[in-house]
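# Reading the structure
Listed below, chain by chain, are the residues.
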Amino acid sequence: DTEVTQTPKHLVMGMTNKKSLKCEQHMGHRAMYWYKQKAKKPPELMFVYSYEKLSINESVPSRFSPECPNSSLLNLHLHALQPEDSALYLCASGEGPWNEQFFGPGTRLTVL
Amino acid sequence: ELKVEQNPLFLSMQEGKNYTIYCNYSTTSDRLYWYRQDPGKSLESLFVLLSNGAVKQEGRLMASLDTKARLSTLHITAAVHDLSATYFCAVETQGGSEKLVFGKGTKLTVNP
């Protein structure tokens, strides 16, 4: 199974809501990632969970918080988001000698 | 800080023609990746390039890496409409950090 799954596919939320994005992989990879992609821009790395260690892109605001319940799941908790946070959120997993990252289908988030 | 530059950013070409997309990066890196993204979709891994002189081919696409020049190329041979997409190169920050920095992407349109 070479698939990374993400739920939901679409999410619309208000600025006062709390929501979570979910990501799951069954490839046995020990590293998982969250990226944010704005329209017509490249993906930007937000968080890396690798071998149970979290690395954070320091430019990511605290209203985003990752959680890794186990090695195959990675959640992204959202709280008090702003309209400019509307984007495609991509999860990826990877490992091995090539460190090749495999991306999920993404969650398209709209913040009203 | 690692910077990755792609050019051109936009490429419109006729079916049957050949063209090359260039990816330059600013600091030493062990790994370079090429991804394809269709509109509204996630990223699909195309190539992983790991060493100087590496060349990989898949169908009408061929990727190469020159680590001394810090340059990778993605060559398109006899383009067909189905190749229309945005192509990203991504470079891993040094030391096996598993963190990718993406170029801005090249939007390729192949016209009949």
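Our subject in this report is the structure included herewith. Source: prediction; values computed, not measured. (Residues numbered from 1 in each chain as written. Chains lettered and ligands numbered in written order. Predicted model: local features only at pLDDT ≥ 70, side-chain atom pairs only at ≥ 80, totals over all residues. Heavy atoms only, no water.)

All right, on to the interface of chain A and chain B then. Facing 23 residues of chain A, the contacting portion of chain B comprises 20 residues. A buried area of about 1,700 Å², summed over both sides, lies between chain A and chain B, and 53% of it is on carbon and sulfur atoms. Contact with chain B buries surface across chain A, with Trp98, Asn99 and Phe103 of chain A losing the most and accounting together for 28% of the total. Counting across the interface, chain A meets chain B through zero salt bridges. Seen at the junction of chain A and chain B, the total is four residue pairs in polar contact (both at pLDDT 80 or more). (Contact = heavy atoms within 4.5 Å. Buried area = accessible area lost by both parts, 1.4 Å probe. Salt bridge = Lys/Arg side-chain N within 4 Å of Asp/Glu carboxyl O. Polar contact = N/O pair within 3.5 Å; in protein donor to acceptor, adjacent residues only side chain to side chain.)

This part takes up the state of the cysteines. All names here are of chain A. Applying the stated criterion to the full structure yields two disulfides over all chains. Disulfide pairing places Cys23 opposite Cys91 at an S-S distance of 1.8 Å. Where Cys23 bonds to Cys91 through sulfur, the torsion about that S-S bond is close to -75°, and the disulfide is left-handed. Within this pair, whereas Cys23 is found in strand 3 (residues 18–25), its partner Cys91 is found in strand 9 (residues 87–95), the two being separated by 68 residues in sequence. Each of the two residues, Cys23 as well as Cys91, counts as buried. This cysteine, Cys68, is not joined by any disulfide, and Cys23 carries the nearest cysteine sulfur, 9.4 Å off. (Disulfide = S-S within 2.5 Å. Helix = DSSP H or I, 4+ residues; strand = E, 2+ residues; numbered from the N terminus. Buried < 20%, exposed > 50% of the residue type's maximum accessible area, 1.4 Å probe, protein only.)

All names here are of chain B. With respect to topology, five strands assemble into an open sheet ordered 1-3-8-7-6, the strand pairing being antiparallel. The outermost strands of the open sheet, each flanked by one partner alone, are strand 1 (4–7) and strand 6 (55–58). Pairs of neighbouring strands in the sheet enclose a mean axial angle of 15°, with direction left out of account. When strand 6 meets strand 7 (residues 61–66), the two strands line up antiparallel, connected through four bridges. Looking across to strand 7, one finds that Lys56 is bridged to Ala63. (Pairing = 2+ DSSP bridges. Axes fitted to C-alpha atoms, helices over the stretch in contact; angles between N-to-C directions.)

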